[in-house]
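# Structure at a glance
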Amino acid sequence: METKLKPIDTSVWRKKPLAAYEADMKKSELKRVLTRWSLTSLGIGAVIGGGVFVLTGIAANEWAGPALALAFVMAGVACAFAALCYAEFASILPVEGSAYAYSYGTVGEIFAWLIGWNLILEYMMGATTVAVSWSGYFEKLLHLLNIHPPIWLMNDPVTAQEKAEKLRAAGESIPDFSFAVNLPAFLIVWCVTYVLVKGIKEAASTNNAIVILKVATVIFVIIAGSFYVDASNWTPFIPNPVIDAGGQQHYGFNGIVTAAGIVFFAYIGFDAVSTQAGEAINPKKDVPFAIIASLIICTVLYILVSLVLTGMVKYDALDLKAPVAQAFADQGLTWAVYLITIAAIAGLTSVMLVMMLGQTRIFLGMAKDGLLPKNLFASIHPTFKTPWKSTILVGGIVSVVAALTPIDKVSELCSSGTLLAFAMICGAVWLLRVREPNLERPYKTPALPVVATLGILANLYLMYNLRTDTKISFLIWCSLGLVVYFLYSRKHSHLNNPEE
């Protein structure tokens, strides 16, 4: 009797069988070396960085005023709902791929692809933004040491010309230049790429050392800065709303919500924890712990820093590029400026490291399912046991974009992809609880219907309140992703092969 093959499911809603995830874990060539606290450190490494050292100035100065603390609370609460749902998924499916992998097994391929595509945007543009911020702090350190490199060597072409014009207008003699490149941003990306190719253990050790330094610095900022707080700077705590020429409201409640969407970029680190499940020693227990622990620790630190910062300096006088360092400089604490600048450079390095690490693991998960070319994105180095080809590719793209492109407000674009992914995960974990009630769950989200509903609403609300041009750019990116899916990924998916 002839055996009939099971017909191929060509629907874009087809799901990856949960049994296939078990097979992926058994076949994985990645080294399982990450402990509970290594994973927590990776989360803190990604979260504490741009949010404290860069975004606090922009969010307080232009959008929330002293109520920046409320914006961090709002963003933290939205993240908390998603984190609880992430934790349950991570205990069921401890594989690399994060939200992409979770959605593939529950909601369907097209949603999983869109989430994976948006995570690419999140991590790639996030790493680029951080590289440019790193370069800005590095330049500040050089100036503190009385070293003044030429503008064309420290900035992209557009930014270099803008700075040169401002200096000429101020009466300084700046020679003409036809070429400009942000060399520090380019070089730091390749240093991070080298560490990531070398191995996850080396990357984790580097990150742990940096995390200790920057958490200590953040605690120093909170304690030392509290002695220079002027309570009058907190009045009014929520400034009166102001409408700009484009019709966008600054300050007031809507300004706080917009600020929450901006600083949300600072919270994506706990998502990076879930991308490392394939290299965790005990992923079913340790990944959920690390996700929740890193989020709680960082949220408390962010709220305290925002209160101290807006207390030290009037919100409308905060520096947009280096707010923390400038706040201490205004108090005449030059030695503290050195410390904060060095910690910011180290802190932004670890953020970049974790973002690029997460990016390559997303690629790896998608390539294993056939949605991306396997020879490139799932190629594991025989000695280092890392996805070396995709790591070098990511390093190449990030380094060139950071060196040559003016990065302005891309943190919002990163946030839009993250917010959609978080909302999707809240819905997906609830859907799986209904469809597969008997599945083993080492960690169960408490009051899931309530948590999932609030998570969906909170994340979509923050996404809705992002700037209009950010939403348009996000829709363009999603449209491009759908084109790639229908031209390549759908027909190359392993679900097209009955034997898979």
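For the structure itself, consult the block above.
Everything numeric in this text was worked out from a predicted model, so none of it was measured.

## Examining the overall build of the protein
Scanning the protein from N- to C-terminus turns up 20 helices and 2 strands. Computed over its C-alpha atoms, the radius of gyration of the protein comes to 23 Å, within 12% of the 23 Å expected for a compact globule of 500 residues. Each principal axis of the C-alpha distribution contributes one length, and for the protein these read about 90 × 50 × 45 Å. Per-residue burial over the protein gives 58% buried out of 500 residues. Accessible surface, the protein: about 20,000 Å² in total, of which carbon and sulfur atoms supply 66%.

## So, the packing of helix 4 (residues 68–92) against helix 19 (residues 448–464)
Between helix 4 and helix 19, the shortest axis-to-axis distance is 8 Å and the interhelical angle comes to 135 degrees. As the angle between them shows, helix 4 and helix 19 are arranged oblique. At the point where helix 4 passes helix 19, the crossing takes the left-handed sense. Residues Met74, Ala75, Ala78, Phe81, Ala82, Leu84 and Cys85 of helix 4 form the contact with helix 19, whose own contacting residues are Leu448, Val451, Ala452, Leu454, Gly455, Ala458, Asn459 and Leu462.

## Some words on helix 4
Note that an α-helix has 3.6 residues per turn; residues three or four places apart therefore point the same way. Spanning 25 residues, helix 4 covers 36 Å between terminal C-alpha atoms, matching the ideal 36 Å at 1.5 Å per step. In terms of burial, helix 4 is a largely internal element, 19 of the 25 residues being buried.

## Regarding helix 9 (residues 183–198)
If you check helix 9, its first and last C-alpha atoms are 23 Å apart, about what 16 residues at 1.5 Å a residue would give, namely 22 Å. Between a side-chain oxygen at the N-terminus of helix 9 and the backbone nitrogen of Ala185 the separation is 3.3 Å; the capping residue is Asn182. Positioned one or two residues after helix 9, Gly199 has a phi angle of 155 degrees, which is positive.

## Describing the packing of helix 2 (residues 36–47) against helix 15 (residues 334–368)
Where helix 2 contacts helix 15, the two axes come as close as 7 Å, and the packing angle between them is 115 degrees. With respect to helix 15, the axis of helix 2 lies roughly perpendicular. Crossing geometry of helix 2 relative to helix 15 is assigned as left-handed. On helix 15, the residues that touch Leu42, Gly45 and Ala46 of helix 2 are Gly347, Ser350, Val351, Val354 and Leu357. Considering only residue class, the contact of helix 2 with helix 15 consists of 5 nonpolar, 3 polar and no charged.

Calculation rules
- Residues numbered from 1 in each chain as written.
- Predicted model: local features only at pLDDT ≥ 70, side-chain atom pairs only at ≥ 80, totals over all residues.
- Heavy atoms only, no water.
- Helix = DSSP H or I, 4+ residues; strand = E, 2+ residues; numbered from the N terminus.
- Rg over C-alpha atoms; globule rule 2.2 N^0.38 Å.
- Buried < 20%, exposed > 50% of the residue type's maximum accessible area, 1.4 Å probe, protein only.
- Areas by Shrake-Rupley, 256 points an atom, 1.4 Å probe, with all protein chains shown as cover.
- Axes fitted to C-alpha atoms, helices over the stretch in contact; angles between N-to-C directions.
- Parallel < 35°, antiparallel > 145°, perpendicular 65-115°, else oblique.
- Left-handed = near helix turned anticlockwise from the far one by under 90°.
- Contact = heavy atoms within 4.5 Å.
- Expected span 1.5 Å × (residues − 1).
- Polar contact = N/O pair within 3.5 Å; in protein donor to acceptor, adjacent residues only side chain to side chain.
- Nonpolar A, V, L, I, M, F, W, Y, C, P; charged D, E, K, R; others polar.

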